[in-house]
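# Residue-level structural notes
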Amino acid sequence: MEIAVVTGGAGFVGSHLVDRLVAEGWRVWVLDNCSTGSWQNLAHHSSEEVVRLPWDVSEPWPLEQLPSRADVVFHLASPASPVHYRRLAVETLMVNSMGTKHALDASLAWGARFVITSTSEAYGDPQITPQPESYWGHVNPVGPRSCYDESKRFAEALTAEYVRSRKLDARILRLFNCYGPRMQHEDGRVVPNFVWQALHGQPLTIYGDGQQTRSFCYVSDEVEAIWRAAVVDGLAGEVINVGNPEERTIRQFAEAVAAVAGVPLTVEWRPLPPDDPTNRCPDISKARTLLQWEPKVSLTEGLKETFKYFQRDV
Ligand code: UDP
């Protein structure tokens, strides 16, 4: 049986990845301190399928409680919403630096493949669009988002060095905005905010003039790409964008949410947070070629599933 270790496996993307690994017949160990995730996201799995280990992966790993070998280490642990990583700024810097080092060292010791989820934030406020992996980015190293942007960039640099000098078989995925069930409604990101507001008859809070763009990828599409990046051979050292190349302004996104909710769009305009990127759109040519992957779920379909999930809390 294949063995996976997933950091952040109780989180939004992580728990969907764990579902996929279990469905593929893998045995999974999850390390998570649930600073932003929840064991509830894995409640449907038995302890045979998924071993849960409450742990801050920035601290040295409890190797005696982990398997003696693993096939793949998936390193997803990190706050990802701007509200969460501002609140947990130092923790975010630590998990992406020390946490990544511990995950890389464990992978080497186990002879495991290593898959790390980095972020489109590595591009900062990009000056070209769409963004290919070859673009180096435009990042404020000391701004309010730098705890996330720069620590993810450090995590990429460390991973690239383990590939170069220690011959680790590692792959770096830059995830663009992702959404779907198990997002927390209070995490402050635009998808849970708008869906929650639409369900509660509140105006949608658009920050700035709403002309900034994002590209939203449904979580099942994203997990498919992460899975493929783990099982396709010959990808050591590759950096691959994962996201939906359909770019929208936040204003257009608000319209789409209102349409799926079947309510007229009403807006509460709020100031734009500092350093909010003006645009984000992945160039997914590499994912198409290397992973034979592209997103399949339309925004309308994905939003319907997201609404269903949030309706449980209404
Ligand atoms: N945003 C918004 N209203 C909200 C939450 C976010 O207009 O209630 C905007 C935010 O300023 C940004 C975009 O939506 O331009 C995406 O924000 P999110 O926090 O989801 O993620 P980001 O892509 O900035 O990391």
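### Looking at the side chain of Gln197
By secondary structure assignment, the location of Gln197 is in helix 5 (residues 190–199). Within the structure, Gln197 has its side chain in polar contact with the side chain of Thr205 (distance 2.9 Å). Setting aside anything within four residues of it in sequence, one finds Gln197 in contact with Gln202, Pro203, Leu204 and Thr205.

### Focus: the environment of Ala256
Its place among the elements puts Ala256 in helix 7 (residues 250–261). Along the sequence, Ala256 and Asp56 sit 200 residues apart, while their C-alpha atoms lie 38 Å from each other. Leaving out residues up to four positions away in the same chain, Ala256 has contacts with Leu299 and Leu303.

### Focus on the pattern of salt bridges
Here the structure, examined in full by the defined rule, presents 23 salt bridges. Notably, a salt bridge pairs Asp19 with Arg182, separated by 2.9 Å at the nearest N-O pair. Taken together, the residues Asp19 in helix 1 (residues 12–23) and Arg182 in the loop between strand 7 (178–179) and helix 5 connect sequence positions 163 residues apart. The closest approach of N and O atoms between Glu121 and Arg145, which form a salt bridge, is 2.6 Å. Taken as a pair, Glu121 in the loop between strand 5 (113–119) and helix 4 (146–166) and Arg145 in the loop between strand 5 and helix 4 lie far apart in primary sequence, 24 residues in all. We classify Glu121 as buried; its relative accessible area is 4%. Among the charged side chains, a salt-bridge network with shared partners connects Glu121, Arg145, Arg214, Asp276 and Arg280.

### Describing the sheet that holds strand 5
Spatially, 3-2-1-4-5-6-11 is the arrangement adopted by the 7 strands of the open sheet, whose pairing is parallel. In this open sheet, the two strands that pair with only one neighbour each are strand 3 (50–54) and strand 11 (239–242). Looking at each pair of strands side by side, their axes are set apart by 20° on average, direction ignored. Across 4 bridges, strand 6 (residues 170–175) lies against strand 11 in parallel orientation.

### With respect to the site of the ligand
As a matter of local geometry, the ligand sits amid 18 residues, with Val190, Asn193, Thr205, Arg214 and Asp276 nearest to it. Contact distances for the ligand include 2.8 Å between an oxygen atom and a backbone N or O atom of Val190. Within the contact set of the ligand, an oxygen atom lies 2.6 Å away from a side-chain nitrogen or oxygen of Arg214. Calculation on the ligand without its partners gives an accessible area of 510 Å², and the protein chains cover 96% of this total. Mapped onto the shell around the ligand, the elements with two or more residues apiece are helix 5 and strand 8 (204–207).

About the criteria used
- Residues numbered from 1 in each chain as written.
- Predicted model: local features only at pLDDT ≥ 70, side-chain atom pairs only at ≥ 80, totals over all residues.
- Heavy atoms only, no water.
- Helix = DSSP H or I, 4+ residues; strand = E, 2+ residues; numbered from the N terminus.
- Polar contact = N/O pair within 3.5 Å; in protein donor to acceptor, adjacent residues only side chain to side chain.
- Contact = heavy atoms within 4.5 Å.
- Salt bridge = Lys/Arg side-chain N within 4 Å of Asp/Glu carboxyl O.
- Buried < 20%, exposed > 50% of the residue type's maximum accessible area, 1.4 Å probe, protein only.
- Pairing = 2+ DSSP bridges.
- Axes fitted to C-alpha atoms, helices over the stretch in contact; angles between N-to-C directions.
- Near = heavy atom within 4 Å.
- Areas by Shrake-Rupley, 256 points an atom, 1.4 Å probe, with all protein chains shown as cover.

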